[in-house]
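As a plain string of letters, each chain reads:
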Amino acid sequence: MRISIFGVGYVGAVSGGCLAALGHDVVALDVSSEKVAMLNHGQSPVVEAGLNELIATAVREGRLVATEDVSRAIASTDVSLISVGTPSLPNGSVSMEAVDEVVATIGRALRGKANPHTVVMRSTVPPGTAEDRIIPTLERESGGRHGSEFTYYSNPEFLREGTSVRDFYGPPFTLIGAAAGDDATVLREVYAAIGAPVYVAPYRVVEGVKYLSNVYHAVKLAFANEAGQILAAHGVDARAAFRLFREDRVLNISTAYLRPGFAFGGSCLPKDVRSFLALASAKDVSAPFLHQLLPSNGNIVDHIYEVILRYGRQRVSLFGLAFKQDTDDLRESPFVLLAEKLLGKGFDLRIFDRAVQIGRLVGSNRSYIDREIPHIERLMVDDVAATLEGSRVAVIGHIGAADQRALLDALTDQTVLDLAGIKELETRAGINYQGVCW
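Rules used throughout
- Residues numbered from 1 in each chain as written.
- Predicted model: local features only at pLDDT ≥ 70, side-chain atom pairs only at ≥ 80, totals over all residues.
- Heavy atoms only, no water.
- Helix = DSSP H or I, 4+ residues; strand = E, 2+ residues; numbered from the N terminus.
- Polar contact = N/O pair within 3.5 Å; in protein donor to acceptor, adjacent residues only side chain to side chain.
- Contact = heavy atoms within 4.5 Å.
- Buried < 20%, exposed > 50% of the residue type's maximum accessible area, 1.4 Å probe, protein only.
- Pairing = 2+ DSSP bridges.
- Axes fitted to C-alpha atoms, helices over the stretch in contact; angles between N-to-C directions.
- Parallel < 35°, antiparallel > 145°, perpendicular 65-115°, else oblique.
- Left-handed = near helix turned anticlockwise from the far one by under 90°.
- Nonpolar A, V, L, I, M, F, W, Y, C, P; charged D, E, K, R; others polar.
- 1 Å grid on protein atoms, 1.4 Å probe; cavity = no way out; pocket = protein on both sides within 12 Å on 5 of 7 lines; lining within 4 Å.
- Points joined across faces, edges and corners; volume = space filled by probe spheres on them.

**A closer look at the side chain of N155**
- Tracing the sequence through the fold places N155 in the loop between β6 (150-154) and α7 (164-169).
- Polar side-chain contacts of N155 include one of 2.5 Å to the side chain of Y191.
- Ignoring any residue separated from it by four or fewer positions in sequence, one finds N155 in contact with V120, M121, R122, T174, L175, I176, L187 and Y191.

**Concerning the pairing of β6**
- Most of β6 is tucked away: 5 of the 5 residues are buried.
- Residues F150, Y152 and S154 line one face of β6 and the alternating positions T151 and Y153 line the opposite face, and both faces are buried.
- Here strand β5 (residues 117-121) runs beside β6; their pairing, made up of 5 bridges, is parallel. Bridging across to β6, H117 finds its partner in F150.

**A short note on the sheet that holds strand β12 (residues 415-418)**
- The 5 strands lie next to each other as β10-β9-β11-β12-β13, forming an open sheet whose pairing is parallel. The open sheet terminates on both sides in strands that have one partner only, identified here as β10 (349-352) and β13 (432-435). Taking each pair of neighbouring strands and ignoring which way they run, the sheet shows an average axis angle of 15°.
- Of the strand pairs in this sheet, β12 and β13 are connected by 4 bridges, and their pairing is parallel. Across the sheet, residue D418 finds its bridge partner in β13, namely G435.

**Quick notes on the packing of helix α1 (residues 10-21) against helix α3 (residues 51-60)**
- As a packed pair, α1 and α3 sit with axes 9 Å apart at the nearest point and diverge in direction by 55°. Classified by the angle their axes make, α1 and α3 are oblique. Relative to α3, the crossing made by α1 is left-handed. From α1, A13, V14, G17, C18, A20 and A21 reach across to α3, where they touch L51, L54, I55 and A58.
- Residues belonging to the contact of α1 with α3 are distributed by class as follows: 9 nonpolar, 1 polar and no charged.

**Things to note about empty space enclosed by the protein**
- Tallied over the full model, the rule gives 4 cavities of 30 Å³ or more.
- By volume, the largest cavity is sized at about 140 Å³.
- Lining the largest cavity we find 14 residues, and of these R122, P156, P171, F173 and T174 sit closest to its centre.
- In this structure, the second largest cavity spans a volume of roughly 50 Å³.
- What lines the second largest cavity is simply Q325, F352, D353, R354, A355, H398, I399, G400 and D403.
- When grouped by side-chain class, the residues that make up the lining of the second largest cavity number 3 nonpolar, 3 polar and 3 charged.

**Focus on the packing of helix α13 (residues 293-309) against helix α14 (residues 334-344)**
- The interhelical angle for the contact between α13 and α14, taken along N-to-C directions, is 40°, at an axis separation of 10 Å. As far as their axial angle goes, α14 and α13 are oblique. Judged by the sense of rotation from one axis to the other, the crossing of α13 with α14 is right-handed. On α14, the residues that touch V301, D302, I304, Y305 and I308 of α13 are P334, L337, L338, K341 and L342.
- When its residues are assigned to classes, the contact of α13 with α14 shows 8 nonpolar, no polar and 2 charged.

This is how it looks when you write it as structure tokens:
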């Protein structure tokens, strides 16, 4: 294919060299005449293992040229990749100045072009950029319509400096943000030679995944560094501990717990987080990242309470009291904390949890609930429909599969706050459905 690349920093230079090596014809553009000259002399403008050889070969074989002429680049290519910088502003948000300038320039260059053109964003941009910023600008500047004279895709890169060439040819996946119903055939052709799964999703989801990925990488590094310092302060070889930690591919290194929803609780996680932080304090080890875990968890409970409060002080049905489904363990359950907040503010509350039978609770489990919510027996209801009776707000924390059908049948016109992500609730007609973060 004929591809133009706007911006030849790390992402643009690597993309240009690698795409040319795959057999595409590439035109590279940059505002730096020095970078343009280097490329045309077969030299990489950035230091990256293996890239100089790719660029030298591509230039020698006529598959890669560089220019500062936007009109020429747009006229001679079918696909344009945008890979300009989005640096941080003083307030932490990203500067979109370079993106805005390039997009407007591309739009103006598209005016009068006979053939449809594909514009692709490789730069990291905030969710909503495609629909709120890029597509309107392209339509305004080009005079054309999205999906007709031009098509826009979000295609974030997942390259690491130092291993970018290897990462380009061996990505975990190719992620494409597209309009509804668009299978991104053009971009699939661009990456056809790369053996990685291709996922096409809405623009905002794809833009969000790029942020998720980088932030999660930072989270892992911060966790390993702080936890390692705490362990080392107590005579533990943190490298050996983490080596074994990584062997658990069921919970530790897996998809487990990576599903957004409600707060965590139970007899283990809160207690052990506090205990580990106490180990840090005992040795005067600073752990600011880990110290935010429990406050962050509490903020989720507070947020859901505030959402409920918006609907006024009326009867609320709470489904789920134990900290998770299929257990009667109430210790440090976030649902108990939510129930406490509602009762403290005078809400009329009814609670359903098939696994929790107050009369059978013993030991620390019984002591905990007696201390947190005395006389809870009068709030518990053993029938789904009866729990919903007279209720205007239903909070679904968790509910067993056997009772979900009864819940769907018994709902009328309530506001349903789904903390569990039950698909059937999302499509249930007649209710005011609201997810936690979906």
